[in-house]
Amino acid sequence: MLSKQRKHISYRTCLVCRQKFEQCALLRISFVKGDINISKGAEKIGRGSYVCFSKNCVKLLQKRFLENSLRVGLNDWDWEKIVFELDNLVNEKR
């Protein structure tokens, strides 16, 4: 008898609050070939970090946390772009 296999659910940790969530419930910040991408879930490839949809976590995200997690240095323009996009996505969710 073959039992039905349960579908695997991926969990990831928010970079700020350190709580675990399903991967699809987080915002993914990825670094691919010199470009920063922000997406919902795991649509993009490359090194990525996750932040939950909490407005508090987006506000408390620090540049150095993200740089260490992505293993890349961010210039001020990229950082401002990330903060702006994250804020917009959190506001859309509400």
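The structure this text deals with has already been given above.
Residues numbered from 1 in each chain as written. Predicted model: local features only at pLDDT ≥ 70, side-chain atom pairs only at ≥ 80, totals over all residues. Heavy atoms only, no water.

Peer 1: Explanation requested: the pattern of salt bridges in the structure shown.
Peer 2: For side chains of opposite charge, pairing can occur when their charged atoms come near one another. Under the criterion given, the structure shown has two salt bridges. Where Asp87 meets Lys55, a salt bridge forms, and the shortest distance between an N and an O atom there is 3.9 Å. Highlighted residues: Asp87 in helix H3 (residues 76-93) and Lys55 in helix H1 (residues 55-60), separated in sequence by 32 residues. On the accessibility criterion, Lys55 (39% relative accessible area) is partly exposed. For Lys63, the salt bridge goes to Asp76, with nearest N and O atoms at 3.2 Å. Here Asp76 lies in helix H3 and Lys63 lies in helix H2 (residues 63-70), a separation of 13 residues in the sequence. (Salt bridge = Lys/Arg side-chain N within 4 Å of Asp/Glu carboxyl O. Helix = DSSP H or I, 4+ residues; strand = E, 2+ residues; numbered from the N terminus. Buried < 20%, exposed > 50% of the residue type's maximum accessible area, 1.4 Å probe, protein only.)

Peer 1: Would you take a moment to explain the environment of Val58 for this structure?
Peer 2: With respect to the element layout, Val58 can be found in helix H1. Note: C-alpha distance between Val58 and Ile9 (49 residues apart in sequence) is 24 Å. Those residues within four positions of Val58 in sequence are excluded, and the remaining contacts are Val51, Cys52, Leu86, Asp87 and Val90. (Contact = heavy atoms within 4.5 Å.)

Peer 1: I keep staring at the sheet that holds strand S4 (residues 35-40) and nothing clicks. Help me out?
Peer 2: Strand-to-strand pairing in sheets goes through backbone hydrogen bonds, with the strands running parallel or antiparallel. Pairing is antiparallel across the open sheet formed by three strands, whose spatial order is S4-S3-S5. Among the strands making up the open sheet, the edge pair consists of S4 and strand S5 (47-52). Taking the axes of each pair of neighbouring strands and ignoring which way they run, one obtains an average angle of 25 degrees across the sheet. Of the strand pairs in this sheet, strand S3 (residues 26-32) and S5 are connected by six bridges, and their pairing is antiparallel. Bridge pairing in S5 links Leu26 to Cys52. Contacting S3, S4 and S5, H2 runs over the sheet at an angle of about 140 degrees to S5. Across the sheet, H3 lies against S3 and S4, angled at about 10 degrees from S4, the strand it touches most. (Pairing = 2+ DSSP bridges. Axes fitted to C-alpha atoms, helices over the stretch in contact; angles between N-to-C directions.)

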